[in-house]
Amino acid sequence: MPYVPTKEILGDAHAKVYGVGAFNINDLEFLQAVIGAGAEESSPVLIEVSEGAIKYAGYGQVQRGADTLYAMVKQYADTVKIPVALHLDHGKEFKYVMACIKAGFGSVMIDASALPYEENLKETLRIVEIAHAVGVSVEAELGTLKGIEDNVEAAESILVDPVQAEDFVKRTRVDYLAPAIGTSHGAFKFKGEAKLDLQRLKRVKELTGIPLVLHGASSVPEEMVDLANRYGGKIEGAKGVPFEVLKECVEAGINKVNTDTDLRITFIAVLRKVLIEKPGEIDPRKLFGPAIEAVKEIVKARMRVLGSSGRA
Ligand code: G3H
Ligand code: 13P
Ligand code: ZN
C-alpha cells in the first residue's frame, strides 16, 4: 500500500479504538527506522515533521524543505505494503502550512493554542477552509502543555475545557484535536507519578466525537537514558508517559500519539556508544546503522502498545 491521506489512517484508528504513533523525523535515518518498524509490525505509519525539520531539510528554504521531506516519504511509502501518511507538526507560521499543502502532505497541524480562544478558533478556521478545499485534513490544539511550547515557557499546563472543545470542533470543522491533559514536550515530563486527566479526555471524546491527539507522549525509555548517561550524556531525572498510561489514553479516545523524544534519545544513546567503542570509524553510515536499528525497535514497541501492529 502506498502513500495515503492521513484521514484514512486516523479514521480507522478512531472507528476501531486503537492508537497510531506519529513519529517525528528530520532526515533519512529516522525515516528508515520508522518505515522499517511499520513494515515489520504490519502497522500503518504516520510520519510528522516540524517547522524546524522543514527548515533543516531545506537548508533554510521552507518550500525546498517541505518538498524534500515529502519526496523522501512518498518514495519510501510507494515501496512498502503498509499505508504511510505525512503530517505537519505544530504549524505556526502560515508560510509553513502553505508549503506543506503545496508539497502534498496529507494533513497539517495549525497550532494557534498560544492565542486567546477566539483567535485560535479564527486562525484554525482559516486553515481548515484552505486545507479542506484541496483534500488536506487539519489538526488543532486547545490548552497549553507545560514546558516550552510555541517558544513560550509555561510553568503550569492549562488543561482543555471539554465544553470549549465541543464548540471549537463544531465551529472550525477541524478533523483532529489535541487536548492538553497534562503531558509536556521533551524528556522531563513528570517529577513524581505520571498523572494525566483521563476523565477530562473522555469527556472531550464524548463531546467532539473525532480522533484525538496526545502531544508530548514519549515514554522516555529508562534503558536508553541510562545508556546515554553511561557514554557521556547528561540526561538526569528524565521521565515520560509509561506504557500503561498510554494504553489508558487510547481507551479514553486518543488515536494519534506524537512521539519525538524517544527516537532522539535512542538514536543519540546508541550513537554515543558506537563512537566510543569504534574510535577509528569514520564512515557515518557505519556509525548511524546501529542507531537506526535501535530506533526501529523502540518504534516497534510503541506500535504494539498502541495497538496499531497488525492493522495494515
Ligand atoms: O513538539 C515538537 C517536536 O518534538 C518537534 O521538535 O521543533 O525541535 O523539531 P522540533
Ligand atoms: P515528545 O517530546 O514527548 O516526544 O512529544 C512530541 C510531540 O508532541 C510532537 O508534536
Ligand atoms: Zn507536540
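Parameters and conventions
Residues numbered from 1 in each chain as written. Chains lettered and ligands numbered in written order. Predicted model: local features only at pLDDT ≥ 70, side-chain atom pairs only at ≥ 80, totals over all residues. Heavy atoms only, no water. pLDDT = per-residue confidence, 0-100. Helix = DSSP H or I, 4+ residues; strand = E, 2+ residues; numbered from the N terminus. Contact = heavy atoms within 4.5 Å. Salt bridge = Lys/Arg side-chain N within 4 Å of Asp/Glu carboxyl O. Buried < 20%, exposed > 50% of the residue type's maximum accessible area, 1.4 Å probe, protein only. Near = heavy atom within 4 Å. Polar contact = N/O pair within 3.5 Å; in protein donor to acceptor, adjacent residues only side chain to side chain. Areas by Shrake-Rupley, 256 points an atom, 1.4 Å probe, with all protein chains shown as cover.

Quick notes on the confidence of the model for the protein chain
Mean pLDDT over the protein chain works out to 96, with 96% of the residues at or above the 70 mark. Between the elements of the protein chain, mean pLDDT differs from a low of 50, seen in strand 7 (residues 152-154), to a high of 99, seen in strand 1 (residues 20-24). Scored below 50 in pLDDT, residues 148-153 makes 14 contacts in the model with residues more than four places away or belonging to other chains.

Concerning the pattern of salt bridges
In the structure shown here, the tally under the stated rule is 22 salt bridges. D283 is the partner of R285 in a salt bridge, and the nearest nitrogen-oxygen pair spans 3.0 Å. Classification of R285 as exposed rests on a relative accessible area of 67%. Among the charged side chains, a salt-bridge network with shared partners connects E40, E293, K296, E297 and K300.

A few points about unusual backbone geometry
Its identity as a non-glycine residue notwithstanding, V17 has a phi of 55 degrees, on the positive side. With respect to the helices, strands and loops of the structure, V17 is situated in the loop between helix 1 (6-16) and strand 1. Located in the positive-phi region is S42, a residue other than glycine, with phi close to 50 degrees. With respect to the element layout, S42 can be found in the loop between helix 2 (28-41) and strand 2 (45-49).

Points about the site of ligand 2
If you check the shell around ligand 2, you find 15 residues, and the closest are D89, K189, S218, D260 and T261. The contact in question runs from an oxygen atom of ligand 2 to an N or O atom on the side chain of H215, over 3.1 Å. Within the side chain of N258, one N or O atom sits 3.0 Å away from an oxygen atom of ligand 2. Its free accessible area being 310 Å², ligand 2 has 96% of it covered by the protein chains. Listed by contribution, the elements that provide at least two residues to the shell around ligand 2 are strand 3 (84-91) and strand 10 (254-259).

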